[in-house]
Amino acid sequence: MVTTELIKAIQNGEYDERFSRIYTDIDSAKKRFTAAVGEFEKLYGALDCELFSVPGRSEVLGNHTDHNGGCVLASSVSVDIIAVAAKMNEKTVRIKSHGFDEDVCDISDLSVNEAETGRSLSLIRGVCKGFEDNGFNIGGFCAYTTSDVAKGSGLSSSAAFEDMVGNILSHFYNDGEVSAVKIAEISRFAENVYYGKPCGLMDQVACAYGGFVYIDFKTSPPVIEQKEFAPDTFGYVMCIVNTFGSHAGLDNDYAAIPGEMKSVAKYLGGNILSDVSEEDFYEKLPEIKKSCGDRAVMRAVHFYDECKRVKGMKKALENNDIDAFLGFENASCNSSELYLQNIYPQHNPENQGIALGLCLTRKLLEGEKYSARVHGGGFAGTIQVFLPKEKAEEYKKQMDRVFGDGACAVLNIRKYGAVKI
């Protein structure tokens, strides 16, 4: 539909039913997409275009398990990147993201360009290369995107962007038939090889699938199961609190976690912890303690227990058991604090934003049925809280007061992943 007609169609309510599947506030969605179409038209003219949406994601359970072949639960959330896009006959992809310079990618050359490392342009080129390598069609398009998946929020803005490029290529040149898992795998390839970040697959899968997703990384490709569970039906919302702690100087802290876990695995004859049994670990624990150290032992304990919690949580989702859901979340946090030890960097004890966030949460929600845990890699960054909906406004107010305006995002689980609207 040409841009001018598309704006009229949105304003006249022709997209209301489609918006209602994704957004709770249809009027806001209409304003947002109308504005995006208008910006697209300013940039690229009155072209025949389509609307797309990809959500951000949250790590629900499974803290530092993926890199050792464990399992995780993730979910898509109610913030997203949206795109207005149109096909182009030339071998060029043009993407203008709100607040950033336009990326212009010549897709006749899909080789790795080291000058693009760490830039969104590399992700576009990498996704196109991944499509081509997997036998899918690629072609040119132009797109305007805007996102409320804020960078640094822990909700994986980069994975949402990668999945968006794949989503557009799937619908424009492959009849929308590229599967969610394939888009996710291609997106990870782009981030690993072209962007230069050795990430796992969790972020891309959660953004592409929608809802809750169970992922078992013990096998390759991993086992992926989508689960339907809606905390809002029990009166709960998710809050992600960004404590805005500095990540500078934390590379060694992050690297030490998988490194120490793998040192335990290697002592037992494996490469990663999923290669060796928990029984062998406890049988040889005294020897492992001497060889690998106390912290490595405790981090391995966390790994084995966390994987069991994830599997227990999977059953809780299947049984619609909100009490068990909250219990596993809190148990995960306790384990991260005591055994995994990624709440704050030990070499910089003044930097304890995550610990403070958890402390204040426990004070603010004392007497309530809730859960709170470290979100993502830890040491600095975000916490994740599930709390009663009626407590969310005051909780957000207090957390914003301490950590800054906009620190706390109140979210719901989004049912749909990468879609053409």
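Residues numbered from 1 in each chain as written. Predicted model: local features only at pLDDT ≥ 70, side-chain atom pairs only at ≥ 80, totals over all residues. Heavy atoms only, no water.

**Some points on the overall build of the protein**
What the protein contains, in helices and strands, is 14 helices and 12 strands. Expected size for 421 residues packed as a compact globule is a radius of gyration near 22 Å; at 22 Å, the protein falls within 12% of this value. For the protein, the C-alpha atoms occupy an extent of roughly 70 × 50 × 40 Å along the three principal directions. Taking all 421 residues of the protein together, the buried fraction comes to 54%. The long-range share in the protein, meaning contacts at least 24 apart out of those at least 6 apart in sequence, stands at 73%. Element-wise, carbon and sulfur atoms account for 47% of the exposed surface of the protein, whose accessible area totals about 18,000 Å². Each charge class in the protein can be summarised by its mean position, and for the 45 positive and 60 negative side chains these summaries are 2 Å apart. (Helix = DSSP H or I, 4+ residues; strand = E, 2+ residues; numbered from the N terminus. Rg over C-alpha atoms; globule rule 2.2 N^0.38 Å. Buried < 20%, exposed > 50% of the residue type's maximum accessible area, 1.4 Å probe, protein only. Contact = heavy atoms within 4.5 Å. Areas by Shrake-Rupley, 256 points an atom, 1.4 Å probe, with all protein chains shown as cover. Lys, Arg positive; Asp, Glu negative; His and termini not counted. Charge placed at Lys NZ, Arg CZ, Asp CG, Glu CD.)

**With respect to the packing of helix α6 (residues 180-195) against helix α7 (residues 202-209)**
One way to put it is that α6 packs onto α7 with a least axis distance of 8 Å and a crossing angle of 145°. Viewed along their axes, α6 and α7 form a crossing whose handedness is right-handed. Between α6, through Ala 180, Val 181, Ala 184, Ser 187, Arg 188 and Glu 191, and α7, the contact on the second element is made entirely by Gln 204, Val 205, Ala 208 and Tyr 209. (Axes fitted to C-alpha atoms, helices over the stretch in contact; angles between N-to-C directions. Left-handed = near helix turned anticlockwise from the far one by under 90°.)

**Re the layout of surface pockets**
Within this model, the second largest pocket holds a volume of roughly 980 Å³. In this structure, the second largest pocket is lined by 44 residues; those nearest its centre are Ile 22, Ser 78, Ile 413, Arg 414 and Lys 415. Elements with a contribution of two residues or more to the lining of the second largest pocket: α2 (16-22), α3 (26-44), β2 (71-88), α5 (157-173), α6, α7, β7 (223-227) and β11 (408-411). It is α3 that contributes the most residues to the lining of the second largest pocket, four residues altogether. (1 Å grid on protein atoms, 1.4 Å probe; cavity = no way out; pocket = protein on both sides within 12 Å on 5 of 7 lines; lining within 4 Å. Points joined across faces, edges and corners; volume = space filled by probe spheres on them.)

**Some thoughts on the pattern of salt bridges**
A side chain of one charge can pair with a side chain of the opposite charge when the charged atoms of the two come close. One pass over the full model with this rule turns up 27 salt bridges. For Arg 373, the salt bridge goes to Glu 59, with nearest N and O atoms at 2.7 Å. A residue pair is termed long-range when its members are at least 10 positions apart, and Arg 373 in strand β9 (residues 371-375) and Glu 59 in strand β1 (residues 50-61) qualify at 314 residues. Note on Arg 373: relative accessible area 0%, which makes it buried. Between Lys 289 and Asp 294 there is a salt bridge, and its shortest N-O distance comes to 2.7 Å. Each of Arg 32, Asp 80, Asp 148 and Arg 414 takes part in one network of salt bridges that share partners. (Salt bridge = Lys/Arg side-chain N within 4 Å of Asp/Glu carboxyl O.)

**Topic: the environment of Ala 407**
Mapped onto the elements, Ala 407 comes out in the loop between α14 (392-403) and β11. Ala 407 gets classed as buried once you look at its relative accessible area, which sits at 3%. Sequence spacing of Ala 407 and Val 54 is 353 residues, and the spatial spacing of their C-alpha atoms is 22 Å. Setting aside residues no more than four positions away along its own chain, Ala 407 makes contact with Ile 240, Val 241, Asn 242, Phe 244, Met 399 and Asp 400.

Scope: geometric values only; no functional claims are made or implied.
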